Amino acid sequence: MKLISAVTGSLALAACQTVPSMPPSAADTPDTGTWRATATEQDRGRIRNWYKSWEMALADARARGYGADLDREGVLLQPMAALPNPHLPAGDYRCRTIKVGAQTGTLGFIAYDWFRCRVSAEQGLASLTKLTGSQRPVGLIFPDNLKRQIFLGTLELGDETVPVNYGSDRMRDMAGLIERIGDNRWRLVLPAPAYESLLDVIELVPAG
């Protein structure tokens, strides 16, 4: 049930473009195309309880006085806003993270500026890598249904250049929903993250 780093094609791309190592690959997992066969029990629970996590995060942020900030984000933070055809095409993206709700000692709402992300073909699936910033999700995108895909990956921190194997550190494992919320606009929803917030939402729009 481990995702391991890809060693062909991706490394050549990374070398010529000076970007972090590409995300894990599920090439050694049974039933590669099925996210449930790859996900840890913890991450299956995150996906199963996504709506509850979203409700809790919004309620916590509003209780802390961030209602206007939530409303300003519009459809991005509306749980039922997913549109048909969630496929995230390969390419470079601008991406920004919104942290909603607070674990102990953190703010109830944080909106970060834009960073860089990349979607690439990855051994029959697709990979999503956040290329810049101090917290960088990196992992694989699995098909699920008509309105969402599933992201499974790990969190790369600070000046790290190689992601940890998926399933080896529950504090680094990540699971989320990839949804389309407009023309050329997507989001990665990460329920119950290990650090800081109750919900992370990463907005993605094509670069350029």
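In what follows, the structure referred to is the one given above.
All values derive from a computational prediction rather than experimental measurement. (Residues numbered from 1 in each chain as written. Predicted model: local features only at pLDDT ≥ 70, side-chain atom pairs only at ≥ 80, totals over all residues. Heavy atoms only, no water.)

*Asks:* Please clarify how the overall build of the protein should be interpreted in this entry.
*Replies:* Scanning the protein from N- to C-terminus turns up five helices and 11 strands. Out of the 208 residues belonging to the protein, those deemed buried represent 50%. Contacts spanning at least 24 positions in sequence make up 56% of the contacts within the protein whose residues lie at least 6 apart. Summing over all exposed atoms, the protein offers an accessible surface of approximately 9400 Å²; the carbon and sulfur share of this is 54%. (Helix = DSSP H or I, 4+ residues; strand = E, 2+ residues; numbered from the N terminus. Buried < 20%, exposed > 50% of the residue type's maximum accessible area, 1.4 Å probe, protein only. Contact = heavy atoms within 4.5 Å. Areas by Shrake-Rupley, 256 points an atom, 1.4 Å probe, with all protein chains shown as cover.)

*Asks:* Is there a simple way to think about the state of the cysteines in this case?
*Replies:* Here a disulfide denotes one covalent bond, and it connects the sulfur atoms of two cysteines. Tallied over the entire structure, the rule returns one disulfide. Across a sulfur-sulfur distance of 2.1 Å, C95 and C117 are joined as a disulfide pair. Disulfide C95-C117: the torsion about the S-S bond is 90°, which places it as right-handed. Here C95, found in strand β3 (residues 91-100), pairs with C117, found in strand β5 (residues 115-122); they are 22 residues apart in sequence, far enough to count as distant. Judged by relative accessible area, which is 0%, C95 ranks as buried. (Disulfide = S-S within 2.5 Å.)

*Asks:* Can you walk me through the packing of aromatic side chains in this structure?
*Replies:* One pair of aromatic rings is described through two measures. These are the centre distance and the angle between the planes. Taken as a whole and judged by the stated rule, the model has four aromatic pairs. Measuring from centroid to centroid gives 6.1 Å for Y93 and W186, while their planes differ by 90°, and the two rings are edge-to-face. With Y93 in strand β3 and W186 in strand β10 (residues 185-191), this pair connects stretches of sequence that are 93 residues apart. The class of Y93 is buried, set by a relative accessible area of 4%. An aromatic cluster of three or more residues is present, and its members are W50, Y51 and W54. The ring of W114 carries the charged tip of R94 above its face, separated from the ring centre by 4.1 Å. The ring centre of F115 lies 4.0 Å from the NZ or CZ of K130, which sits over that ring. (Phe/Tyr/Trp six-rings, centres within 6.5 Å; stacked < 30°, edge-to-face > 60°. Lys NZ or Arg CZ within 6 Å of the ring centre and 35° of its normal.)

*Asks:* Hey, could you run me through unusual backbone geometry in this one?
*Replies:* What is expected of a backbone is that most residues other than glycine have negative phi and most peptide bonds are trans. The phi dihedral of N85 is positive, around 65°, even though this residue is not glycine. On the secondary structure map, N85 appears in the loop between α5 (67-72) and β3. Phi is positive for N184, close to 55°, though the residue is something other than glycine. With respect to the helices, strands and loops of the structure, N184 is situated in the loop between β9 (173-182) and β10. Judged by relative accessible area, which is 52%, N184 ranks as exposed.

*Asks:* What is the right way to look at the environment of R148 in this model?
*Replies:* Mapping R148 onto the fold places it in strand β8 (residues 148-157). It is 9.7 Å that separates the C-alpha atoms of R148 and L188, two residues lying 40 residues apart in sequence. A distance of 2.5 Å separates a polar atom in the side chain of R148 from a polar atom in the side chain of D144. (Polar contact = N/O pair within 3.5 Å; in protein donor to acceptor, adjacent residues only side chain to side chain.)

*Asks:* Whenever I open this one, helix α3 (residues 41-48) confuses me. Can you help?
*Replies:* One turn of the α-helix equals 3.6 residues, which is why residues spaced by three or four share an orientation. Those residues of α3 that sit buried are D43, G45, R46 and I47. Buried residues along α3 sit against α2 (35-38), α4 (50-63), β8, β9 and β10.

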